[in-house]
Amino acid sequence: MEESKKKIIKQSVMIAVATVFIILGILSIIQATGSNAGLGYISAIPNVILKYAVVIITNAIGIMLMSTSAGTFEGKVKNIFSIAVCAYSTIMTVPLLLAFVLMFPVGAGSTLPAFLDDMVREIVVAFQDLVGNNGWQFVIYTLGVIMSVIFLALPILSTYCTVKEIDLIKLIKEKTNKKDRV
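Residues numbered from 1 in each chain as written. Predicted model: local features only at pLDDT ≥ 70, side-chain atom pairs only at ≥ 80, totals over all residues. Heavy atoms only, no water.

Observations regarding helix H4 (residues 75-107)
Relative to the 48 Å expected for 33 residues at 1.5 Å per residue, H4 spans 48 Å between its end C-alpha atoms, a close match to the ideal helical length. Within H4, the axis deviates most sharply at Thr93, by approximately 25 degrees, and proline Pro95 lies no more than four positions further along. Phi for Gly109, located one or two positions after H4, is positive at around 105 degrees. (Helix = DSSP H or I, 4+ residues; strand = E, 2+ residues; numbered from the N terminus. Expected span 1.5 Å × (residues − 1). Bend = angle between axes of the 7 residues up to and from the residue.)

Thoughts on the layout of surface pockets
If you add up the space inside the largest pocket, you get close to 980 Å³. Lining of the largest pocket is provided by 39 residues; of these, Asn59, Met92, Thr93, Leu96 and Phe151 occupy positions nearest its centre. Here the residues of the lining of the largest pocket are counted per class, giving 28 nonpolar, 11 polar and no charged. Estimated volume of the second largest pocket: approximately 220 Å³. Residue lining of the second largest pocket: Lys78, Leu154, Leu157, Ser158, Cys161, Thr162, Glu165, Ile166 and Leu168, and that is the complete set. Considering every element that reaches the lining of the second largest pocket, the biggest residue donor is helix H6 (residues 135-163), with five residues. Tallied by class, residues from the lining of the second largest pocket come to five nonpolar, two polar and two charged. (1 Å grid on protein atoms, 1.4 Å probe; cavity = no way out; pocket = protein on both sides within 12 Å on 5 of 7 lines; lining within 4 Å. Points joined across faces, edges and corners; volume = space filled by probe spheres on them. Nonpolar A, V, L, I, M, F, W, Y, C, P; charged D, E, K, R; others polar.)

Here's the deal with the environment of Ile45
As for its placement among the helices and strands, Ile45 is situated in the loop between helix H2 (40-43) and helix H3 (48-70). For Ile45, a relative accessible area of 16% gives the class buried. Linking Ile45 and Ala32, residues 13 residues apart in sequence, is a C-alpha distance of 9.3 Å. Excluding residues that lie within four positions of it along the chain, Ile45 makes contacts with Leu50, Lys51 and Val54. (Buried < 20%, exposed > 50% of the residue type's maximum accessible area, 1.4 Å probe, protein only. Contact = heavy atoms within 4.5 Å.)

Points about the pattern of salt bridges
Throughout the structure, instances matching the rule amount to two salt bridges. As a salt-bridge pair, Lys7 and Glu74 come within 3.2 Å of each other at their nearest N and O atoms. Pair noted here: Lys7 is in helix H1 (residues 3-32) and Glu74 is in the loop between H3 and H4, with a separation of 67 residues, a long-range link. Of the residues examined, Glu74 reaches a relative accessible area of 61% and is grouped as exposed. Asp117 is the partner of Arg121 in a salt bridge, and the nearest nitrogen-oxygen pair spans 2.8 Å. On the criterion of helical spacing, the pair formed by Arg121 and Asp117 is a turn pair, its members being four residues apart in helix H5 (residues 114-131). Given the relative accessible area of 27%, Arg121 is considered partly exposed. (Salt bridge = Lys/Arg side-chain N within 4 Å of Asp/Glu carboxyl O.)

Below, the structure is given as structure tokens:
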């Protein structure tokens, strides 16, 4: 089989699998927030933290695979595809970051506007049931904020390097080799 046909098949498979995970991730969010999206197995998960873990994992797999497939294209298609995946990733990650940031005041006993308080409080209570109402919950919230910032920063950095055609790994190796020679 020709190399170009193999590449097209690989790209198609990656995009198809990524699309399935992205759709599953969106449906998981809908189901985890209490609406019926046809994913009864998520509603059957007794712990809200585990429900949202499924949401994060399915979305992360879809986004990473879609980003990887975007990198297999060339020229403007590669740039536009990468930027689109980055935008989607950012849109999906900002609420995650916001939720973890808002867990700090709710965990400390403050209240938020009703539309935010219900969702965040449910997660805070689940963490408190898991680790108690003590400093450990704040360690988890801090790790969640760090994870969210990484989930925001990496796609943006990756997209920047893709659009500017910067091979970050090669650049790091060159800098490391220069230090070794000195």
